[in-house]
Amino acid sequence: MDFRVISDSSCDISLEQEKAYGIQLVSYYVSFDGVNYKKDRTEVTAEDFYREMAENPGVYPKTSMPTQIDFYETFLPCAQKGEKIIYLNLTSKFSSSFQSANLAAEALMEEYPDCKIAVIDSFSATVQEGLLVTEAAKMAEAGISFEEAVEKLEELKMTSRIFFTTGDLSYLQKGGRIGKVLTQAASVLKIKPIIHLYEGELQAAGIVRARKKSIRRFIDDAKAFFADKNINDYRICTGRGYDKEEFDAFYAEVAEEMKALGFTGEVEQYQIGCTIGVHTGPTPIGIACIKKFDA
């Protein structure tokens, strides 16, 4: 392989994917009290995080980004060997970690001139980011060069989408992701949001009055997205928070709907992790897609 793939814990790839592709992750930090922070994935699991959130409604956890030292120490072993690294970062619209990663990369390339580090703003988050990260790993396995992979990833990130909903907008409001007015309206009217994430930013796509209707609506949005595309040029995945029983029924519906559109691949399953769960609460559920690099 011409390069190594590194990302951050917000990409929410599975442990099996992490090991199979040799992908290293830089952890974000999460805290329920704003004092004691734990590393996402290594010190707190998504299941434990969501359980605590569900059992303590009205308590809003916080997240802290990796430091420049975290990035430096993660990149260092590869830099010392003169290896090439492609690092895929959570959308810079959500976090200033992109700047910290760049500063660490620049310092290391100055210290170790033989190494190359490309820091890419993924323009995505959670399972959407995970799809881009694993596409990068597939490029490495396929023998794509460092330079060509960087170019392809910049193109691919613009093809990805997330369509999702969450049961409680207050978490997004606390994190500054949506306006207070919409949150107040949701509280009074018991409405559920339809949200898309593309080009690095959250986009409001509508509101409905019930959870099941919100899920139906974003499934329809995903189907509309593929109306003028070859669906088999894409990977498709689902993501969930805490409620596995709800997710199982949702996944079966999505798989059937995508099959009806002619999709012959497997609809993948991911769990949305702690870093993004801080902002969505325990009830996120959605669909993500990305065009395959070799489509």
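Refer to the preceding data block for the structure.
Per chain, the residues get numbers from 1 upward, laid out in the order the sequence is written. At least 70 in pLDDT is required for a residue's local features to be given in this predicted model, at least 80 for side-chain atom pairs to be given and counted, and no such filter applies to totals for whole chains, interfaces and linings, which use all residues. With hydrogens and water excluded, all non-hydrogen atoms of the structure serve as input to the side-chain values.

Trainee: Just checking my understanding: could you explain the pattern of salt bridges for this structure?
Mentor: A side-chain nitrogen of Lys or Arg and a carboxyl oxygen of Asp or Glu constitute a salt bridge if their distance falls within 4 Å. Taken as a whole, this structure holds 19 salt bridges when the rule is applied. We note a salt bridge from D221 to R217, for which the minimum N-O separation is 3.5 Å. Taken together, the residues span about one helical turn, with D221 and R217 both in helix α9 (residues 211-225) at a distance of 4 residues. Buried means the residue's accessible area, taken with a 1.4 Å probe over protein chains only, is under 20% of the maximum for its type, while exposed means over 50%, and partly exposed covers the values in between. Given a relative accessible area of 16%, D221 falls into the buried group. Three or more residues joined by partner-sharing salt bridges are found here, namely R216, D220, K223, E253 and E257. Labels follow the DSSP assignment, with helices taken as runs of H or I lasting at least four residues and strands as runs of E lasting at least two, numbered in each case from the N terminus.

Trainee: I'm lost on the pairing of strand β11 (residues 234-240) in this one. Help?
Mentor: Residues in a regular strand project their side chains so that they alternate between the two faces of the sheet. When you tally the buried positions in β11, you get 7 out of 7 residues, the bulk of the element. The alternating pattern of β11 places Y234, I236, T238 and R240 on one face and R235, C237 and G239 on the opposite face, and all of these are buried. Strands were regarded as paired on the criterion that DSSP finds at least two bridges between them. In this sheet, strand β13 (residues 285-291) lies alongside β11 in antiparallel orientation, the contact comprising 7 bridges. Bridge pairing in β13 places R235 opposite I290. Here β11 runs beside strand β12 (residues 268-271); their pairing, made up of 4 bridges, is parallel. Counterpart to R240 in the pairing with β12 is Q271.

Trainee: What is the right way to look at the nonpolar core in this model?
Mentor: Looking at soluble globular proteins, one finds that nonpolar side chains tend to be buried together. Side-chain atoms within 4.5 Å link the members of a nonpolar core, which is a set of buried Ala, Val, Leu, Ile, Met, Phe, Trp, Tyr and Cys residues. F3, F49, I86, L88, M139 and L153 are the most contacted members of the largest nonpolar core, which has 49 residues in total. Per-element accounting of this core gives the leading share, 8 residues, to helix α5 (residues 126-141). Note on contacts: a residue pair is in contact if any heavy atoms of the two residues lie within 4.5 Å. With sequence-adjacent residues up to four places away left out, F3 is seen in contact with K84, I86, A136, M139, A140, I144, S145, F146 and A149. In this structure, F163, F226, I231 and V254 belong to the second largest nonpolar core, which totals 22 residues.

Trainee: For this particular structure, what's the right way to read helix α6 (residues 146-156)?
Mentor: At 3.6 residues per turn, the α-helix brings residues three or four places apart onto the same side. Looking only at α6, the buried set comprises F146, A149, L153 and L156. Along the axis of α6, the buried residues cluster in a sector spanning 85°; they form a single face. Opposite the buried face of α6, by more than 90 degrees, sit the exposed residues E151 and E155. Against the buried residues of α6 lie β6 (84-89), β7 (116-121), α5 and β13. Directions drawn from the helix axis to the C-beta atoms are what define this arc.

Trainee: Would you mind going over helix α4 (residues 97-111) with me for this structure?
Mentor: Between the first and last residue of a helix there are one fewer steps than residues, each counted as 1.5 Å, and that sum is the expected span. For α4, spanning 15 residues, the distance from its first C-alpha to its last is 21 Å, which sits close to the expected 21 Å at 1.5 Å a residue. Taken residue by residue, α4 has S97, S100, A101, A104, A105 and L108 as its buried positions. Buried residues of α4, viewed axially, fall in a sector of 130°; they line one side. Opposite the buried face of α4, by more than 90 degrees, sit the exposed residues Q99 and E110. Where the residues of α4 are buried, they touch α3 (68-80), β6 and β7.

Trainee: What's the story with the packing of aromatic side chains in this structure? I'm lost.
Mentor: Two numbers describe a pair of aromatic rings. These are the distance of the centres and the angle of the planes. Put simply, two rings from Phe, Tyr or Trp (the six-membered ring, in Trp's case) pair if the centres are within 6.5 Å, and we call them stacked under 30 degrees between planes, edge-to-face over 60, tilted for the rest. Overall, the coordinates contain 12 aromatic pairs when judged by the stated rule. Consider the rings of F225 and F226, whose centres lie 5.2 Å apart with planes at 75°: the pair is edge-to-face. One exposure class covers both F225 and F226, and it is buried. Summarising the aromatic geometry, the rings of F247 and F250 are spaced 6.1 Å apart at their centres and angled 50° between planes, so their arrangement reads as tilted. Here the residue F247 and the residue F250 both occupy positions in helix α10 (residues 244-260), the gap between them amounting to 3 residues, near one helical turn. In textbook terms, an aromatic cluster arises when at least three aromatic residues are bridged by ring pairs, as seen for F163, F225, F226 and Y234. Two conditions define a charge located above a ring, namely a distance within 6 Å from the ring centre to NZ of Lys or CZ of Arg, and an angle within 35 degrees of the ring normal. A cation over a ring is seen here: K157 above F123, with NZ or CZ 4.3 Å from the ring centre. Lying across the ring of F225, K229 places its NZ or CZ 4.1 Å from the centre.

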